[in-house]
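The primary structure of each chain is shown beneath.
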Amino acid sequence: MQIQLSDHFNYSRLLRFTLPSIAMMVFTSIYSVVDGYFVSNYAGKQPLAAVNMAWPVIMMLASLGMMFGTGGSALIAAAQGRGRLKRANEYFSLIVYVVIALGFILLGATWFLMEPMMKLLGAEGNLLADSVFYGKVCLVGLPAFMMQMFFQSLLITAEKPQLGFYVTVAAGIVNMILDWLLIGILGMGLFGAALATDFGFLVGGVIPLFYFARENSSTLRLGRTSWKPYALLKASFNGCSEMLSGIASSVVTLLYNYQLLRYVGENGVAAFSVIMYVNFIFFAILIGYCNGVAPVISYHFGARNHAELKNLFKRCMIIVGVAGVGLLALAQLTAPLLSKIFVGYDAELYEMTVQAFRIVSFCFLLSGFNIFASSLFTALNNGFISAAISTSRSIIFELAFVLLLPLLFGINGIWFAIWGTEIATMIMAAIFIIRKRNVYGYL
């Protein structure tokens, strides 16, 4: 039986409904993970460092697609909850057209800025050339990547999470096969990695576009619309926390790279690359769950069903808490194996990576609560609080800690920065949740 947004959710139904969203996020994270594996093992640690220098720029731009996806999803689901289906489709169509146009504009603008940005971050010589080259080839697929990020939320709102899962799996498989063929067999190095990623973007972004452009069995269809600046501003504001989180994550990654180049050189950047690859998958589980449950919260908020909001809040807090403990245990157990898969060919780099990963993994205990808190307020159409939580977590706290703690603890201070960030964010999120409990009725 198909699960609908209007249903009552127990643990089983919540997990079944959000599983496609979790899978979508995991397979999306596979793009960079698979690239990293093949680049590291077939091209070496300097090209691996180059990928980690350029990739945050691509993710920073693609986060605009996530912004419109999560923010627009909250707006559309709330309209559906109030029975305004025609308006929901008009919102949907307008946002799709804007995201496509924005993707091509950003592609052209960023093409000429890639080299100056890499220089600013300290890349020189071959590292600079490799970073710019990889980044520019990936930019070609940016419009499709933005659409893929956008549709991850909208397919859930359209009550078609399974379709999103199948599309994302297909995109991930295309990316993996092409990585194996272009890098492993044909020896095309960074160009092969970027090209494989672009083809994955095309599968993930274009197939949903064709689905919604035709008659379908979902609640949404792409069609005629009108210029609605209020809707765009509302969607942007609702989803700005997710956008800021994506941008901030990319900015912080660039700062980590800068600090690591200063303290330990390219080995530090390569070790951090491995940690980020693995964390992409671990965090994808938490983010996927929160993205999956957000339209359900938005629907019941729009329907003024406070009893179900309380039910959802309680169950979500328990789920993210249990998931955090499980991810920490998994990370501690698999740190040597995962590090060996990526950098087993270099003993010094391997030891550095294992130690760093085990330190960083303790953040999973708290990160799920913080991600859910930001997602909760996005779903409740309170973009201000959501943005405050995500901005503090992803920019203010992390920038402060990554600049300060290395002065006290050296290289380990860079890894400790993530702990401080999650602790400070959880305190802030708890204050907001307690203060707004009577306004929204989730407690």
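Worth saying up front: this structure is predicted, and the values here are computed from it rather than measured.

1. A short note on the overall build of the protein
- A tally of regular secondary structure across the protein gives 16 helices and zero strands.
- Taken over the C-alpha trace, the protein has a radius of gyration of 21 Å; the compact-globule value for 443 residues is 22 Å, and the two agree within 12%.
- Across its three principal axes, the protein shows a C-alpha extent of roughly 60 × 45 × 35 Å.
- Going through the 443 residues of the protein one by one, you find that 61% of them count as buried.
- Of the contacts made within the protein by residues no fewer than 6 positions apart, 82% connect residues no fewer than 24 positions apart.
- Accessible surface computed for the protein: about 17,100 Å², of which carbon and sulfur atoms make up 69%.
- Here the protein holds 26 positive side-chain charges and 18 negative ones, and the gap between their average locations is 17 Å.

2. Here's the deal with a positive patch on the surface
- There is a patch of like positive charges on the surface, built from Arg82, Arg84, Arg87 and Arg304.
- Following the sequence through the fold, Arg304 ends up in the loop between helix 10 (266-302) and helix 11 (306-343).

3. Thoughts on the nonpolar core
- Grouped together as the largest cluster of nonpolar side chains are 142 residues, with contacts concentrated most on Phe92 and Phe150.
- It is helix 10 that provides the largest number of residues to this core, a total of 21 residues.
- Residues contacting Phe92, with those up to four places away along its chain left out, are Ile76, Phe150, Phe151, Leu154, Phe212, Leu220, Arg221 and Leu222.

4. Re the packing of helix 2 (residues 45-81) against helix 3 (residues 85-111)
- One can describe the packing of helix 2 onto helix 3 by two numbers: an axis separation of 9 Å at closest approach and a directional angle of 170°. In terms of orientation, helix 2 lies roughly antiparallel with respect to helix 3. On helix 3, the residues that touch Val57, Leu61, Leu64, Phe68, Gly72, Leu75, Ile76, Ala79 and Gln80 of helix 2 are Leu85, Ala88, Tyr91, Phe92, Ile95, Val98, Val99, Leu102, Leu106 and Thr110.
- Of the residues belonging to the contact of helix 2 with helix 3, the class tally is 16 nonpolar, three polar and no charged.

How each quantity is defined
- Residues numbered from 1 in each chain as written.
- Predicted model: local features only at pLDDT ≥ 70, side-chain atom pairs only at ≥ 80, totals over all residues.
- Heavy atoms only, no water.
- Helix = DSSP H or I, 4+ residues; strand = E, 2+ residues; numbered from the N terminus.
- Rg over C-alpha atoms; globule rule 2.2 N^0.38 Å.
- Buried < 20%, exposed > 50% of the residue type's maximum accessible area, 1.4 Å probe, protein only.
- Contact = heavy atoms within 4.5 Å.
- Areas by Shrake-Rupley, 256 points an atom, 1.4 Å probe, with all protein chains shown as cover.
- Lys, Arg positive; Asp, Glu negative; His and termini not counted.
- Charge placed at Lys NZ, Arg CZ, Asp CG, Glu CD.
- Patch = residues over 30% accessible without salt bridge, like charges linked within 9 Å, V, L, I, M, F, W, Y side chains within 5 Å.
- Salt bridge = Lys/Arg side-chain N within 4 Å of Asp/Glu carboxyl O.
- Core = buried A, V, L, I, M, F, W, Y, C linked by side-chain atoms within 4.5 Å.
- Axes fitted to C-alpha atoms, helices over the stretch in contact; angles between N-to-C directions.
- Parallel < 35°, antiparallel > 145°, perpendicular 65-115°, else oblique.
- Nonpolar A, V, L, I, M, F, W, Y, C, P; charged D, E, K, R; others polar.

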